[in-house]
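Close look at the chain arrangement
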Amino acid sequence: MLERFPISVRIAATDLDRAKRWYLEKLGLHPEREDPGGLWYRFAGDTWLYLYASQYAGTAQNTVAGWTLTGIEAVMSDLRSRGVVFEEYDLGEVRTVDGLADFVMARAAWFKDSEGNTFELSEVR
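Presented here is a report on the structure given in the accompanying data block. (Residues numbered from 1 in each chain as written. Predicted model: local features only at pLDDT ≥ 70, side-chain atom pairs only at ≥ 80, totals over all residues. Heavy atoms only, no water.)

Some thoughts on the packing of aromatic side chains
- Using the criterion set out here, one finds 13 aromatic pairs in the structure.
- Ring geometry for W40 versus W48: centroids 6.0 Å apart, planes at 85°, classification edge-to-face.
- Judged by its relative accessible area of 13%, W48 is buried.
- Ring centres of Y50 and Y52 lie 6.2 Å apart, and the angle between their planes is 10°; this geometry places the pair in the stacked category.
- Relative accessible area serves as the criterion here: at 27%, Y52 is assigned to the partly exposed category.
- Taken together, W22, Y23, Y41, F43, W67, F86, F111 and F119 form an aromatic cluster joined through their ring pairs.
- Sitting over the ring of W40, R33 keeps its end group 5.0 Å from the ring centre.
- Residue placement shows R33 over the ring face of W48; its charged tip is 4.8 Å from the ring centre. (Phe/Tyr/Trp six-rings, centres within 6.5 Å; stacked < 30°, edge-to-face > 60°. Buried < 20%, exposed > 50% of the residue type's maximum accessible area, 1.4 Å probe, protein only. Lys NZ or Arg CZ within 6 Å of the ring centre and 35° of its normal.)

Some thoughts on a nonpolar patch on the surface
- The grouping of M1, L2 and F5 at the surface amounts to a nonpolar patch, some 400 Å² of accessible area in total.
- Along the polypeptide, M1 turns up in the segment before β1 (8-13). (Patch = residues over 30% accessible without salt bridge, like charges linked within 9 Å, V, L, I, M, F, W, Y side chains within 5 Å. Areas by Shrake-Rupley, 256 points an atom, 1.4 Å probe, with all protein chains shown as cover. Salt bridge = Lys/Arg side-chain N within 4 Å of Asp/Glu carboxyl O. Helix = DSSP H or I, 4+ residues; strand = E, 2+ residues; numbered from the N terminus.)

Remarks on the pairing of strand β3 (residues 38-43)
- In terms of burial, β3 is a largely internal element, five of the six residues being buried.
- The antiparallel hairpin formed by strand β2 (residues 33-35) and β3 contains two residues in its connecting segment.
- Count of turn residues in the β3/strand β4 (residues 47-53) antiparallel hairpin: three residues, of which G45 carries a positive phi of about 65°. (Pairing = 2+ DSSP bridges.)

Observations regarding the environment of T70
- Structurally, T70 can be placed in the loop between β5 (63-68) and α2 (72-81).
- Judged by its relative accessible area of 68%, T70 falls in the exposed class.
- Through-space distance from the C-alpha of T70 to that of A101 is 15 Å; in sequence the pair is 31 residues apart.
- Setting aside anything within four residues of it in sequence, one finds T70 in contact with V75 and E123. (Contact = heavy atoms within 4.5 Å.)

Treat this as a map of the structure, not an account of what it does.
Spelled out as structure tokens, the structure:
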């Protein structure tokens, strides 16, 4: 039943003002809406990211959200020019090289926001 409805992601920020500046400066994102609890960012397919204040921001040790895109290297280059730093991982059989992991069916890269939340970029082949 739930597959019929859109889904959105919730991302915690210890300092909402700092995070808002980071998302604007580093990712070029402007919130479409603001409410007393946080900021709403709209993406393709009517998907949303809600950035809200929480003391628990950045405590997850996993990827909290990701974008499936095309032209991953160009996107990474653009984000790097804005100051985004990509993580380096050794995943056993697969390692990132210059921030990019090459899997059989996809390539992926990860970065952290100003609050320590990990995001993924992926390009499916």
